[in-house]
Amino acid sequence: MALKDITLGQFFPGNSVVHRLDPRTKLLAVVLYIVTLFLASWFVTYAIMFLVLAGSIALSKVPVKSILRGLKPVLFIVIFTAVLNLFYTPGNTVLVHFWIFTITLEGVWRAFFMVVRIMMLISGTFLLTYTTSPILLTDGLESLLNPLKKVRVPVHELAMIMSIALRFIPTLIEETDKIMSAQRARGADFESGNLVQRAKALLPLLVPLFISAFRRADELATAMECRCYHGGEGRTRLRQLKFQAKDYVTLFLFLAIAVGVGVLGHFGL
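Within any chain, residue numbers begin from 1 and follow the written order of that chain's sequence. Given that this is a predicted model, residues contribute local features only at a pLDDT of at least 70 and side-chain atom pairs are listed and counted only at 80 or more, while totals for whole chains, interfaces and linings are drawn from all residues. No hydrogens and no water enter the side-chain calculation; it runs on all heavy atoms of the structure.

**Student:** Go over the pairing of strand β1 (residues 94-98), please, and point to the residues and values.
**Tutor:** One ladder, built from four bridges, connects β1 with strand β2 (residues 101-104); its direction is antiparallel. Looking at the pairing, histidine 97 lines up with threonine 102 of β2. Linking β1 to β2, which pair antiparallel, is a turn of two residues; within it tryptophan 99 sits at a positive phi near 55 degrees. Here the rule is simple: two strands pair whenever DSSP picks up at least two bridges between them. Secondary structure follows DSSP: runs of H or I at least 4 residues long count as helices, runs of E at least 2 residues long count as strands, and numbering of each begins at the N terminus.

Quick look at the structure:
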């Protein structure tokens, strides 16, 4: 897996229907999408959720290969989860029994649906960051969490931290790739050997990576101080977020899908 396959936090500028939606709409739609995924139980409901995801990707005009490339870093977690569900799900129909391992038909179906759920969940959440700039994402999250200010929750600071973290994920990945290339030029080997040996080979990357991260953090803090940043109190916004008709339609559709999938899942479909 190459570092360029990690696309979390990247933003693909565009003018599609999904790009033009209010960031609060997309945040709420993703929450409804995740909840609905956990309500799905069988082929019919999972097929509905797949059509929702495919339709969202098509409307966003984000390349499908970018979505698939973003799934590569989590492939090991997906396979590990599938194996656990495959061997440790009890059932009445035993397919294979070897030593302490037992594979049941129920385990096969559960592992399959678990893999599908994780892949669709990650793809849906990646689509949010692909079609929403970090600034708009921060503004939307802060607006949704605004009622928590009444109980003295630092909403603006939390949203700012999330925005900075998303913004610097691609930067740190690029920095790591540069450090690895420089060390390869000096004879370092990151690809040969077993898993433990590869992990040990990556240890020399940590020191220069942490130094680079702290340097960037210090530069960012200095830049914010020079611009007289003092938190969210009294700040004004260049863009005022306003719900439009398309936002209400989108939220209604996702809510209707959630209710429909919940009802169908209750009947085991």
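Still more to cover.
**Student:** How would you sum up the nonpolar core? Please name residues and give values.
**Tutor:** Counting residues in hydrophobic clusters, the biggest one holds 24 residues, and the most contacted among them are Tyr33, Met49, Ile67, Met120 and Ile122. Sorting the residues of this core by element identifies α2 (23-39), α3 (43-60), α4 (64-71), α6 (105-131) and α10 (245-266) as the ones contributing at least two each. If one sorts the elements of this core by residue count, α6 sits on top with eight residues. It only takes one pair of heavy atoms within 4.5 Å for two residues to be counted as in contact. The contacts of isoleucine 122, once residues within four sequence positions are left out, are Leu71 and Val74. Among the buried residues, those of types Ala, Val, Leu, Ile, Met, Phe, Trp, Tyr and Cys that are joined through side-chain atoms within 4.5 Å form a nonpolar core. Under the scheme applied here, a residue whose accessible area is under 20% of the maximum for its type counts as buried, over 50% as exposed, and between as partly exposed, the area being computed with a 1.4 Å probe on protein chains only. Counting residues in hydrophobic clusters, the runner-up holds six residues, among them Leu27, Leu128, Leu137 and Leu166.

**Student:** Summarise the packing of aromatic side chains; cite the residues concerned and give the values.
**Tutor:** Each aromatic pair joins two rings of Phe, Tyr and Trp (for Trp, the six-membered one) with centres within 6.5 Å, and gets the label stacked for planes under 30 degrees apart, edge-to-face for over 60, and tilted for any other angle. For the structure on display, the rule yields 14 aromatic pairs. A ring pair is formed by phenylalanine 243 and tyrosine 248, whose centres lie 5.7 Å apart and whose planes are at 40 degrees; its orientation type is tilted. Judged by relative accessible area, phenylalanine 243 falls into the partly exposed class, the value being 29%. The exposed category is assigned to tyrosine 248, whose relative accessible area is 54%. Taken together, Trp42, Phe43, Tyr46, Trp109, Phe112 and Phe113 form an aromatic cluster joined through their ring pairs. Between arginine 24 and the ring centre of phenylalanine 243, over which it is positioned, the NZ or CZ distance is 4.2 Å. The criterion is that NZ of a Lys, or CZ of an Arg, lies within 6 Å of the ring centre and within 35 degrees of the ring normal, and then a charge sits over that ring.

**Student:** Tell me about the packing of helix α7 (residues 134-144) against helix α8 (residues 155-185), and name the residues and values.
**Tutor:** The axes are straight lines fitted to the C-alpha atoms, using for helices just the contacting stretch, and the angles between their N-to-C directions are given from 0 to 180°. Between α7 and α8, whose axes approach to 9 Å, the crossing angle comes to 155 degrees. What the angle tells us is that α7 and α8 run roughly antiparallel. Where α7 crosses over α8, the two elements pack in a sense that is right-handed. Note on element contacts: α8 touches α7 through Val155, His156, Ala159, Met160, Met162, Ser163 and Leu166, opposite Pro134, Leu137, Thr138, Leu141 and Glu142. In this count, Pro and Cys sit with the nonpolar residues alongside Ala, Val, Leu, Ile, Met, Phe, Trp and Tyr, while Asp, Glu, Lys and Arg are called charged and the others, Gly among them, polar. In terms of residue class, the contact of α7 with α8 is made up of eight nonpolar, three polar and one charged. Between 65 and 115 degrees an angle is taken as roughly perpendicular, under 35 as roughly parallel, over 145 as roughly antiparallel, and anywhere else as oblique. Put simply, a crossing is left-handed when the front helix is turned counterclockwise from the back one by less than a right angle, and right-handed when it is turned clockwise.

**Student:** Describe the side chain of arginine 117, with residues and values.
**Tutor:** As for its position among the elements, arginine 117 is in helix α6. We score Asp and Glu as negative and Lys and Arg as positive, and we do not count His or the chain ends. One speaks of a salt bridge when a side-chain nitrogen belonging to Lys or Arg is within 4 Å of a carboxyl oxygen belonging to Asp or Glu. Although arginine 117 is buried, it makes no salt bridge; glutamate 106 carries the closest opposite charge, 16 Å away. When neighbours within four sequence positions are excluded, arginine 117 is seen to be in contact with Leu37, Phe38, Ala40 and Tyr46.

**Student:** Could you give an account of α4, with specific residues and numbers?
**Tutor:** For α4, the full list of buried residues reads Ser66, Ile67, Gly70 and Leu71. The arc that holds every buried residue of α4, seen down its axis, measures 145 degrees, which confines them to one face. In α4, the exposed positions that point more than 90 degrees away from the buried face belong to Val64, Lys65 and Leu68. Contacts from the buried residues of α4 go to α3, α5 (75-87) and α6. Here, the arc refers to the directions that run from the helix axis to the C-beta atoms.

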